[in-house]
Amino acid sequence: MRAKASEVHNKDCVKVAVRVRPFNKREQDAGSRCIVSMASTSISIQDPRESQNRRAFCFDYAYWSHSGFVRDHRGLYVPEEPGGRYADQNSVFQDLGEGILENALQGYNATLLAYGQTGSGKSYSMMGYGPNKGLVPKLCERLFQAIRENQESGQCQVFFSMLEIYNEQVVDLLSRGSRNPGGLRVREEQQRGFYVEGLRMIPCESAPQVEQLMEQGTRTRTTAATHVNANSSRSHMLIILQLKQIFSKESTTKQSNINLVDLAGSERQRSSGSEADRLKEGTAINLSLTTLGNVISALADVAVGKRVVHIPYRDSVLTKLLQSALGGNSRTVMIATLSPADICYEESLSTLRYAERAKRIQNRAVVNESPTERLVKELKAENARLLQRLSRMGQEGRRASEETKELRQLLTHNELQIRAIQTLWEQHLQEALKDWEQQYATLTQERRMMQMHPYILNINEDAQLSGVVKLFIQEGEWIIGLFDSSQRSISIKGLGIQERHAVFRNEKRRVTLTPLPGSKVIVNGNAVYQTTELQHLDRLILGSNSTYLFIGYPSERGADDWSRYDYDYFQSELAAAEGIHLGESSAGSNQTDPSLLAVFYDYIKLMPMVAEANQMSQELNKGVEFKLEIKNLALSDSRGHDLQKDIVVRVTSRGSKQVWVWSKAKFVNRKFLMEEVYQQFQAEQREGERAEGLSAVALPREKDPFWDPVEPLLLGMAHLWLQSLAFHIPLEEQLEVLGSEGTEEAILQAQLVPCTSTGLPLGEDDILIDPTEVLGRRLDFQLVLDQCCGVRWIKEARNRGVQIGFRLFDCSQPLYTPAVWHNINPLLDHRVHFTSLCTSQRLLDYLQSSAVVVELWGLQEGCTSLSSSLEAVKMTAEGTFIIDEPGPPETAAAGSGLSGSIRALQRDLEELRSVNVSLRKENQSLREQLNSAKNGEGVRGRSMRPSCDAEFARALKVFYHSMTSVRAQLQRLHRHRPSEESDLLGLRLFVDEQSRLLKDFSEQLEQSVSTLKQDVAAIVRRKRERSGIWS
């Protein structure tokens, strides 16, 4: 249900609309779940991890574009049924676009802001795709239609401007000349407010002219993004339509600005306080969006009556230009777009919160009168007075020739001024028409070439910028690269592009591509080094990340739709070549783990950024290499549950062998800082000011985005299961320390030793059959770390060291072994004694179901070793670490009756303990008496008297040791995977090996269980025999 536009736009508060898009292909393939629901103008979102947690929001408009639509014969997406809930492009325009247009025609400034994460549908809502035109082209069509309908009442003039804000620099997308390296300046005048100095404003007479200018601006934006290595999802695009209406009869002029703003992607970085970067956060790349949020929050506080000292309009370029749209002289609409997929929950919730704050803002819109028209009226009035004076002078017959001459000169000057003002519009229009004719001729030539020759077209992360640049491959040999002085060259720019990068040959209607030495060329996800024949719709990546789609001769094209080969397709293809892919769904399930899907998306999103960072490092001679890794891919917690997976970037200095591991958020931040350094380096190269090895490259270390102080690195983990401690059975294991991606980092020899309070190991007689016997009693054990063997970290560089860290039960801080340096097989010989003074059920459950996670930490020269923090650790008088300390009594909160019951139970427990101790003493005494009484029976008698408990204990000990090897075999089965490059023979070998491992596992398990059965049967049999004798 939607309110009418005329009702809504008469008020000056910011109006907010929310639109939910359909699942994209990736979300469909992964079986994503919809977590957004909508009723009338309210929208709710469900936390996928906690189904009971739902957040509800209410807005001025809510558009359901997720489902319930079909594509008709014209290619338009329309509701499946008449009156269906699906909101198409026309519905959105009727509510939002018509209101904006109505305000502009009335003389008000109007602004439309599109906000949302990258890929949430902002550009589709604003610009549209194919026949499904968005708000901007529809608004232009309706504007000129309204102008034609009102021709008789007055003259209308429309000026069009298009600009981009990237990294706090303003770029005129319609500029004729070369780009100013620092961008255009934003200035302020008391009457105009903030404006862009030198921004080109082009007069337009029709919607096709505006459409042509938008195409030109998009082409410029694409080219500029390639040249400066910019990320289009991080840039803001502003389209400004200046409408001037001159009403001759009323002698009035209404002038209004329509600002159409496509904001940068609002995706959140999943970062915590521990990931804070030592360098400035976000850099200028995020400043505008961050400041916009601060402005909206401040204005929202003002709207609800809070006192706000300062609204930070001046803190960024974007907020300066949008000052009138937010709390100023404008009528403003915001459309917030979001994905309904469960994996986008955090970003979608953030968007909804942002939009909720924005709807509180109130503006002060007024009708604008043009100062130019006021000047014309004043000049005409002055001319009328001059003519009147001249007429009176003539009637009086005076011969004041000098005064008459002066008056006529003044009259002529005023008339020239009026004529100049009135003809300025016609002159601008004629210049614009000449430009438009030239562009139309260029476009016609391009379309003719498309029907004659093969070509490559650009693919951009922003779908609106894809397919804009077309590079034609005519017959003969063509060199592609930075080199452009030859007539047979195709000039491109971008990171990693060489002067002469590759050669295209078009001979006999066959096109081949030959990489030149030192250049990077990838075809369909695989690097090529020799001549390769191209097929229609082949995917090319030149340099670090210049992506193109090859379009063959018209006879090869058929009805192929190249739109499915989007930017993500290129990156997914690259990831698959590296062995990173989602894989096929298992039989009977088409659902992919959302956490894995999110990691996959992050991986393919960061791949081009890592390639660009490596290229910048190479060109700036930094000697630093970046590599993507999946954190916790093969690791689990103390209960064996998978740890949350995330993307990290491993940074390695090739010279010093120093290594850093950066979080995704930190790397993205550093990447933009690297871009600033690289652009400064390029600017100095162009100006010829660069001295060899100096300038932008030689930054102080503390300001260098390629460098960080070294820190200890987590190399891998191993699990030492604690179940044997519940039975007082010692355990000795060789643990495989696995890296984050499943690689073997080292072998660790470790022991668990049940012991007395003084540290003496317990004997077989102390082994328990029933673990609950430890409840309420003191439990002591030692964790012994003997030695690490084959440490891969130190194999790679001998100047490194290692430490072992671990945390047990409720210990708040980890404990660490002393650092050991320069040894591939470091001897640790580290022993830690733990004590539970009164074993609780919670500790017993922990021992029976959990493992101590042993962490292997890598040290490098210059970093401080890890130390154990003992502030919160309590110790016994013997110097052992206390775990499972009894918590504070809960009797105070429970009432007197409950506290009395607890005290009574505690007394009973103490009595039972004392009885148990006395019975044990009596049992020991009887045993000694029995031994002395039957001392003459010899060996046969002694062999029948061993304790059944001890025999059970020995049998269990054997069983636990055998199960250790069974568990190791199971882990090997889990890690056993076929190679991505395996052919049919390789797969057969893998199946044979898998069958052998399964057989070994089955035999070991069967043997362990069979041995236990036999031992138990023998113990029972002997017990019966003894019972017969002793009876």
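Residues numbered from 1 in each chain as written. Predicted model: local features only at pLDDT ≥ 70, side-chain atom pairs only at ≥ 80, totals over all residues. Heavy atoms only, no water.

- Labelled according to an unreviewed UniProt entry, the protein appears under the name Kinesin-like protein 6, originating from Austrofundulus limnaeus.
- Quoted straight from UniProt, the Sequence similarities (unreviewed entry) entry for the protein says "Belongs to the TRAFAC class myosin-kinesin ATPase superfamily. Kinesin family."
- In its Function (unreviewed entry) section, the UniProt entry covering the protein states "Microtubule-dependent motor protein required for mitochondrion morphology and transport of mitochondria in neuronal cells." (UniProt positions renumbered as here; feature names shortened; annotations may be inferred.)

1. A short note on the overall build of the protein
Argument step 1. Across its full length, the protein holds 22 helices and 42 strands.
Argument step 2. By residue count, 47% of the 1031 residues in the protein fall in the buried class.
Argument step 3. Restricting to contacts in the protein with at least 6 residues of sequence separation, those with at least 24 account for 69%.
Argument step 4. Only carbon and sulfur atoms are counted for the fraction: they give 49% of the accessible area of the protein, which is about 52200 Å². (Helix = DSSP H or I, 4+ residues; strand = E, 2+ residues; numbered from the N terminus. Buried < 20%, exposed > 50% of the residue type's maximum accessible area, 1.4 Å probe, protein only. Contact = heavy atoms within 4.5 Å. Areas by Shrake-Rupley, 256 points an atom, 1.4 Å probe, with all protein chains shown as cover.)

2. Side note on the packing of helix 7 (residues 287-303) against helix 9 (residues 345-358)
Argument step 1. With their axes 8 Å apart at the nearest point, helix 7 and helix 9 run at an angle of 45 degrees to one another. Of the possible angle classes, the one that applies to helix 7 and helix 9 is oblique. In this structure, helix 7 crosses over helix 9, and the sense of that crossing is left-handed. The residues of helix 9 that touch helix 7, namely those facing Leu289, Leu292, Gly293, Ile296, Ser297 and Ala300, are Tyr354, Arg357 and Ala358.
Argument step 2. In terms of residue class, the contact of helix 7 with helix 9 is made up of six nonpolar, two polar and one charged. (Axes fitted to C-alpha atoms, helices over the stretch in contact; angles between N-to-C directions. Parallel < 35°, antiparallel > 145°, perpendicular 65-115°, else oblique. Left-handed = near helix turned anticlockwise from the far one by under 90°. Nonpolar A, V, L, I, M, F, W, Y, C, P; charged D, E, K, R; others polar.)

3. With respect to the pairing of strand 40 (residues 827-836)
Argument step 1. Judged by how many residues are buried, strand 40 sits mostly within the fold: seven of ten residues are covered.
Argument step 2. Note: strand 36 (residues 779-789) against strand 40, eight bridges, orientation antiparallel. Paired with Gln787 across the two strands is Leu827, which belongs to strand 40. (Pairing = 2+ DSSP bridges.)

4. Details of the UniProt feature "binding site: ATP" (unreviewed entry) in the protein
Argument step 1. With numbering aligned to this structure, UniProt lists the feature "binding site: ATP" (unreviewed entry) at Gly116, Gln117, Thr118, Gly119, Ser120, Gly121, Lys122 and Ser123.
Argument step 2. Here Gly121 shows up in the loop between strand 8 (110-115) and helix 4 (122-126).
Argument step 3. With near-sequence residues (within four places) excluded, Gly121 lies in contact with Arg21 and Thr337.
Argument step 4. Inspection of the secondary structure assignment puts Ser123 in helix 4.
Argument step 5. Not counting residues within four places of it along the chain, the set of residues in contact with Ser123 comprises Gly128, Asp262, Asp462 and Gln464.

5. Things to note about the side chain of Gln782
Argument step 1. Within the secondary structure layout, Gln782 lies in strand 36.
Argument step 2. For Gln782, a relative accessible area of 7% corresponds to the buried category.
Argument step 3. Reaching out from Gln782, the side chain makes a polar contact with the side chain of Arg831 at a distance of 2.8 Å.
Argument step 4. Those residues in contact with Gln782 that lie beyond four places of it in its chain are Gln751, Leu752, Val753, Cys755, Gly759, Arg831, Val832 and His833. (Polar contact = N/O pair within 3.5 Å; in protein donor to acceptor, adjacent residues only side chain to side chain.)

6. Structural notes on the packing of helix 3 (residues 89-105) against helix 5 (residues 135-149)
Helix-helix packing is characterised by the crossing angle of the two axes and by the distance between the axes.
Argument step 1. It is at 9 Å that the axes of helix 3 and helix 5 come closest, and there the two elements cross at 50 degrees. Taken together, the axes of helix 3 and helix 5 lie oblique to each other. You can see that helix 3 and helix 5 cross each other, and the crossing is right-handed. Residues Gln89, Asn90, Val92, Phe93, Leu96, Gly97, Glu98, Ile100, Leu101 and Leu105 of helix 3 pack against Leu135, Lys138, Leu139, Arg142, Leu143 and Ala146 of helix 5.
Argument step 2. Broken down by class, the residue content of the contact of helix 3 with helix 5 amounts to ten nonpolar, three polar and three charged.

7. Overview of the sheet that holds strand 30 (residues 624-631)
Argument step 1. Reading across from one edge, 30-31-32 is the order of the three strands in this open sheet, with antiparallel pairing throughout. The outermost strands of the open sheet, each flanked by one partner alone, are strand 30 and strand 32 (659-663). The average angle at which neighbouring strand axes cross in this sheet is 25 degrees, direction not considered.
Argument step 2. Looking at chain direction, strand 30 and strand 31 (residues 646-653) are connected through eight bridges and run antiparallel. Looking across to strand 31, one finds that Glu625 is bridged to Thr652.
Argument step 3. Against the sheet, helix 15 (residues 664-687) touches strand 30, strand 31 and strand 32, its axis set at about 105 degrees to strand 32.

8. Observations regarding the packing of aromatic side chains
Argument step 1. Throughout the structure, instances matching the rule amount to 14 aromatic pairs.
Argument step 2. Judged by centre distance (4.9 Å) and plane angle (35 degrees), the ring pair of Phe69 and Tyr86 falls under tilted. Residue Phe69 is located in strand 6 (residues 69-71), and its partner Tyr86 is located in the loop between strand 7 (77-79) and helix 3; the two are separated by 17 residues in the primary sequence.
Argument step 3. According to the relative accessible area criterion, Phe69 is partly exposed, its value standing at 26%.
Argument step 4. With a relative accessible area of 7%, Tyr86 lands in the buried category.
Argument step 5. Ring centres 6.0 Å apart and planes at 40 degrees place the aromatic pair Phe834 and Phe881 in the tilted group. You can see Phe834 sitting in strand 40 and its partner Phe881 sitting in strand 42 (residues 881-882), a full 47 residues away along the chain. With respect to burial, Phe834 and Phe881 carry one shared label: buried.
Argument step 6. An aromatic cluster of at least three residues, connected via ring pairs, comprises Phe626, Trp662, Phe667 and Phe706. (Phe/Tyr/Trp six-rings, centres within 6.5 Å; stacked < 30°, edge-to-face > 60°.)

9. Points about unusual backbone geometry
Argument step 1. Look at Asn621: it is not a glycine, yet its phi comes out positive at around 55 degrees.
Argument step 2. Take Asn621: it is sitting in the loop between helix 14 (594-619) and strand 30.
Argument step 3. The exposure class assigned to Asn621 is exposed, which follows from its relative accessible area of 60%.
Argument step 4. Positive phi values are uncommon outside glycine, yet His822 reaches one of about 60 degrees.
Argument step 5. Residue classification places His822 among the partly exposed positions, given a relative accessible area of 47%.

10. Looking at the pattern of salt bridges
Opposite charge on two side chains permits pairing when their charged atoms draw close.
Argument step 1. On inspection of all chains with the given rule, the structure shows 28 salt bridges.
Argument step 2. In this structure, the salt-bridge partner of Lys671 is Glu675, at a minimum N-O distance of 2.6 Å. Of the two residues, Lys671 and Glu675 both sit in helix 15, four residues apart, roughly one turn of that helix. You'll find Lys671 and Glu675 in the same group, each marked buried. (Salt bridge = Lys/Arg side-chain N within 4 Å of Asp/Glu carboxyl O.)

11. Points about helix 7
Argument step 1. In this model helix 7 runs 24 Å from its N-terminal to its C-terminal C-alpha over 17 residues, within 8% of the 24 Å that 1.5 Å per residue would give.
Argument step 2. Three or more residues of helix 7 are buried, namely Ser288, Leu289, Thr291, Leu292, Gly293, Val295, Ile296, Ala298, Leu299 and Ala300.
Argument step 3. Where helix 7 is buried, its residues meet strand 8, strand 11 (155-166), strand 16 (236-247), helix 8 (317-321), strand 18 (331-338) and helix 9.
Argument step 4. Where helix 7 ends, the next residue or the one after it, Gly305, has phi of about 95 degrees, a positive value. (Expected span 1.5 Å × (residues − 1).)

12. A word on the environment of Leu101
Argument step 1. With respect to the secondary-structure elements, Leu101 resides in helix 3.
Argument step 2. Residues Leu101 and Arg142, 41 residues apart in the sequence, show an inter-C-alpha distance of 7.9 Å.
Argument step 3. Excluding residues within four positions of it along the chain, Leu101 makes contact with Leu139, Arg142 and Leu143.

13. Some details on the pairing of strand 31
Argument step 1. Bridging between strand 31 and strand 32 involves five bridges; their strand directions are antiparallel. Residue pairing across strands places Val649 opposite Trp662, the latter belonging to strand 32.
Argument step 2. Here strand 31 hands over to strand 32 after five residues, with Lys657 in that stretch at a positive phi of 65 degrees.

14. Looking at the confidence of the model for the protein
Argument step 1. Overall, the prediction assigns the protein a mean pLDDT of 80, with 78% of residues at 70 or greater.
Argument step 2. Note that residues 1-11 has pLDDT below 50 and, in this model, 27 contacts with residues that lie over four places away or in other chains.
Argument step 3. A low-confidence stretch, residues 690-694 (pLDDT under 50), is modelled with five contacts involving residues beyond four sequence positions or located in other chains. (pLDDT = per-residue confidence, 0-100.)

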